[in-house]
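One-letter residues, chain by chain:
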Amino acid sequence: PTDNAIAERFVGIFKLAVVERYRYENIGHFIEFAQKWLNFYNQTRPHESLRNKTPNQFATDSNLQIVSYLVVNNAQ
């Protein structure tokens, strides 16, 4: 965890919000929910560390590249 604290924190949040919160009928249902959550996380959810802006708002204000809508490929 000391090597990349930001990535470790994100993985922890993802596990709590997506992996451990629900029981999924199949892998496709899990991937669909994960995709929705990842897009919510980048486009809608304010982050305290970004002065209560979404990552995309922060990127726009800072002249950085925004994260487009993510599509997770469901290869079943």
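Residues numbered from 1 in each chain as written. Predicted model: local features only at pLDDT ≥ 70, side-chain atom pairs only at ≥ 80, totals over all residues. Heavy atoms only, no water.

In this structure the tally under the stated criterion is nine aromatic pairs. Judged by centre distance (6.0 Å) and plane angle (50°), the rings of Tyr24 and Phe33 are tilted. Connected via pairs of aromatic rings, a cluster forms that spans Phe10, Phe14, Trp37 and Tyr41. (Phe/Tyr/Trp six-rings, centres within 6.5 Å; stacked < 30°, edge-to-face > 60°.)

This part is about the pattern of salt bridges. Where charged atoms of side chains with opposite charge meet at close range, the side chains can pair. Under the criterion given, the structure shown has two salt bridges. One salt bridge connects Lys36 with Glu32, and the closest N-O pair in it is separated by 3.3 Å. You can see Lys36 and its partner Glu32 sitting in helix 2 (residues 27-43), four residues apart, about one turn around the helix. Residue Asp61 pairs with Lys53 through a salt bridge whose shortest N-O separation is 2.5 Å. (Salt bridge = Lys/Arg side-chain N within 4 Å of Asp/Glu carboxyl O. Helix = DSSP H or I, 4+ residues; strand = E, 2+ residues; numbered from the N terminus.)

On to the side chain of Asn42. Along the chain, the position of Asn42 falls in helix 2. When residues no more than four places from it in sequence are discounted, the contact partners of Asn42 are Thr54, Pro55, Asn56, Val67 and Leu70. (Contact = heavy atoms within 4.5 Å.)

For any two helices packed against each other, the geometry comes down to the angle between their axes and how far apart the axes lie. Between helix 1 (residues 5-19) and helix 2, the shortest axis-to-axis distance is 10 Å and the interhelical angle comes to 130°. With respect to helix 2, the axis of helix 1 lies oblique. Along this stretch, helix 1 crosses helix 2, giving a crossing that reads as right-handed. For the pair formed by helix 1 and helix 2, the contact residues are Phe10, Ile13, Phe14, Ala17, Val18 and Val19 on the first element and Phe30, Phe33, Ala34, Trp37, Leu38 and Tyr41 on the second. Among the residues making up the contact of helix 1 with helix 2, the classes are represented as 12 nonpolar, no polar and no charged. (Axes fitted to C-alpha atoms, helices over the stretch in contact; angles between N-to-C directions. Parallel < 35°, antiparallel > 145°, perpendicular 65-115°, else oblique. Left-handed = near helix turned anticlockwise from the far one by under 90°. Nonpolar A, V, L, I, M, F, W, Y, C, P; charged D, E, K, R; others polar.)

Turning our attention to the confidence of the model for the protein. With 93% of its residues at a pLDDT of at least 70, the protein reaches an overall mean of 87. Mean pLDDT across the elements of the protein bottoms out in helix 1 (89) and peaks in helix 3 (residues 55-61) (92). (pLDDT = per-residue confidence, 0-100.)

A separate point is the side chain of His47. Summarising the element assignment, His47 is placed in the loop between helix 2 and helix 3. Not counting residues up to four positions away in its chain, the partners in contact with His47 are Tyr41, Asn52, Lys53, Thr54 and Pro55.

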